[in-house]
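Working through the structure, step by step
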Amino acid sequence: MNVQGDWIRWGEAWQQQPSVDIDWLRRRVSRKLWRMRLTVTLELLLNAVAVWQTWRLIAHPGVELRWKLWAACAMLLVLTMQILFLQARRGTWRASGNDPGDLLQLTARRTIAGIRMARVNAGGLALLIVVTLLVAAPELTPEHWQHDARLRSLILLQCALNLPIVVLGFVGCAWYIRRQRGRLRDVQALLRECED
Amino acid sequence: MRQGEFDALLRAHAGLLSRIAASYEADAALRDDLLQDIALALWQALPRWRGEAPLKAFVARIAHNRGATHVIGQMRRSPVGALSEHLVDLKHGPVEYAQLEQRRRCLQDAVRQLPLGLRQAVTLALEGFSHAEIAETLGIRMNSVAVRLNRAKGALAAVLGEGA
């Protein structure tokens, strides 16, 4: 069998593969598009609620100045995070237009950006904790909460609610960074395969 | 882009898309997911198509790009992948179908075992693309296409148990 003959024979067998149910595919694509839109809308909505809550704290006349400063810091953090998230997602809305090698390089750049984002996330969370502890420092001294049952239960409640979130946040970031590093290694291996 | 135009495009290239998806993923459920991703990418990319390349080459390029990203961390090299329930073949009887199916699966598995660069060139060659069209679609030189196809042919023949 000559070279061209092999390709023709294999091509015939290859093209005899069954096709796909287009109606099913179209329904699935439509659902996925709606899910993507819904995810972004929810994220924006949740951040808008967070900004609105911090703004309420800033504008409330009965709130101490230091807590207003805390609210301003939190608002700045939420807005910065949202801008960074939208920037990171910007590339994923566009479908690939260039060749696979370019796309793999783009994927590698996105993966590196994802690692940076996770670091920013962990840093932002750490910053928020430090700012919160600094602002709340006067209430956290033992002489304050030892003689104030209401303050004591409030601190306990805050710890019970926020500690798991903080731990989960840091663990999540560490897991994501580890996963993205593995992904980056895979992308680089594929890039080498493509260049061969 | 109108829904009707997209439907027509999917119908015209359904075979090409499912075969490219099959060259990247052996697992039926993951292959369905990949097909959805490819279709979604097409829906997003088509408004940018200006007719500078043939539509079939454009569709193949988008599918391969999506396939390449799918490979990262997702590739399964199962020797016996079950057929998706969404795949349809009404042309053949049961015995003929079984024989054809065995040949297809052997070829699919052999193609999936190729390194990414060779696999992309091979799937396009099997779809009937010329060397120039493969070079254009993959963004490589024509002589690289010839080298890749030559290397792939040897590998395919070895896996399929045929003398190269």
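Residues numbered from 1 in each chain as written. Chains lettered and ligands numbered in written order. Predicted model: local features only at pLDDT ≥ 70, side-chain atom pairs only at ≥ 80, totals over all residues.

1. Notes on the overall build of chain B
Filter applied, for reference: The secondary structure listing takes helices from DSSP runs of H or I that are at least 4 residues long and strands from runs of E that are at least 2 residues long, numbered from the N terminus. Burial in this document is a count-based property: other C-beta atoms within 10 Å of a residue's C-beta are tallied, and the residue is buried at 20 or more, exposed at 12 or fewer, or partly exposed in between, with C-beta positions derived from the backbone. We call two residues in contact when the distance between their C-beta atoms, placed using the backbone, is within 7 Å.
Assigned secondary structure in chain B consists of 8 helices and 1 strand. The buried share among the 164 residues of chain B stands at 42%. When contacts within chain B are restricted to residue pairs at least 6 apart in sequence, those whose partners lie at least 24 apart make up 68%.

2. Some details on the overall build of chain A
Counting its secondary structure elements, chain A contains 6 helices and 1 strand. The N-to-C order of helical and strand elements in chain A reads α-β-α-α-α-α-α. Counting the 196 residues in chain A, one finds 15% classified as buried. In chain A, 73% of the contacts between residues at least 6 apart in sequence involve partners at least 24 apart.

3. Looking at the environment of Arg105 of chain B
Note on placement: Arg105 of chain B falls in helix α5 (residues 94-112). C-beta crowding within 10 Å serves as the criterion here: with 17 such atoms nearby, Arg105 of chain B is assigned to the partly exposed category.

4. Digging into the packing of helix α4 (residues 55-71) of chain B against helix α7 (residues 131-138) of chain B
Residue and element names in this part refer to chain B. What counts, and what does not: Each axis is a line fitted through C-alpha atoms, and for a helix only the stretch in contact is used; angles between axes span 0 to 180 degrees, taken between their N-to-C directions. Between 65 and 115 degrees an angle is taken as roughly perpendicular, under 35 as roughly parallel, over 145 as roughly antiparallel, and anywhere else as oblique. Left-handed describes a crossing whose near helix is turned anticlockwise from the far helix by less than a right angle; the clockwise case is right-handed. For this classification, Asp, Glu, Lys and Arg are treated as charged, while Ala, Val, Leu, Ile, Met, Phe, Trp, Tyr, Cys and Pro are nonpolar and the rest, including Gly, are polar.
Closest axis-to-axis distance for the α4/α7 pair is 9 Å, and the angle between their directions is 45°. One way to sum up the angle between α4 and α7 is to call them oblique. In this structure, α4 crosses over α7, and the sense of that crossing is right-handed. The segment α4 lies against α7, with Ala57, Ala60 and Arg61 engaging Glu133, Glu136 and Thr137. Here the residues of the contact of α4 with α7 are counted per class, giving 2 nonpolar, 1 polar and 3 charged.

5. Quick notes on the nonpolar core
When a protein is soluble and globular, its nonpolar side chains tend to lie buried together. In plain terms, the rule: Each nonpolar core reported here comprises buried Ala, Val, Leu, Ile, Met, Phe, Trp, Tyr and Cys residues connected via C-beta atoms within 7 Å.
Ranked by internal contacts, the top residues of the largest apolar core, which has 54 residues, are Ile38 and Ala121 of chain B. When sequence neighbours within four positions are dropped, the list of residues in contact with Ile38 of chain B reads Leu17, Ala21, Ile62, Ala63 and Arg66 of chain B.

6. Remarks on the confidence of the model for chain B
Residue and element names in this part refer to chain B. Which entries qualify depends on this criterion: Every residue is assigned a pLDDT by the predictor, reflecting its confidence on a scale from 0 to 100.
Overall, the prediction assigns chain B a mean pLDDT of 78, with 79% of residues at 70 or greater. Within chain B, strand β1 (residues 87-88) has the poorest average pLDDT of any element, 48, and helix α6 (residues 116-126) the best, 89. This stretch, residues 75-88, has a pLDDT under 50; its non-local contacts, to residues over four places away or in other chains, come to 28 contacts. Confidence metrics for the complex model read pTM 0.62 and ipTM 0.71.

7. Some words on the environment of Leu125 of chain A
Residues and elements named next belong to chain A. Structurally, the position occupied by Leu125 is in helix α4 (residues 100-140). Given 18 C-beta atoms within 10 Å, Leu125 falls into the partly exposed group. Sequence-wise, Leu125 and Gly169 are 44 residues apart; in three dimensions their C-alpha atoms are separated by 7.8 Å. Aside from chain neighbours lying at most four places away, what touches Leu125 is Val166, Gly169 and Phe170.

8. Comments concerning the packing of helix α2 (residues 14-24) of chain B against helix α3 (residues 28-45) of chain B
To characterise two packed helices, one gives the angle between the axes of the helices and the distance between these axes. Residue and element names in this part refer to chain B. Interaxial distance between α2 and α3 falls to 9 Å at its minimum, and their mutual angle equals 130°. Between α2 and α3, the interaxial angle falls into the category oblique. The way α2 lies across α3 gives a crossing that is right-handed. Along its contact with α2, which presents Leu17, Ser18, Ala21, Ala22 and Tyr24, the element α3 presents Arg31, Leu34, Leu35 and Ile38.

9. Structural notes on α2 of chain B
At 3.6 residues per turn, the α-helix brings residues three or four places apart onto the same side. Of all 11 residues that make up α2 of chain B, 9 are buried, and the element is covered over most of its length. Taken as a whole, α2 of chain B has its buried residues at Ala14, Leu17, Ser18, Arg19, Ile20, Ala21, Ala22, Ser23 and Tyr24 of chain B.

10. Regarding the environment of Arg179 of chain A
Residues and elements named next belong to chain A. Examined against the element boundaries, Arg179 turns out to sit in helix α6 (residues 149-195). Judged by the 15 C-beta atoms lying within 10 Å of it, Arg179 is partly exposed. Through-space distance from the C-alpha of Arg179 to that of Thr111 is 9.7 Å; in sequence the pair is 68 residues apart.

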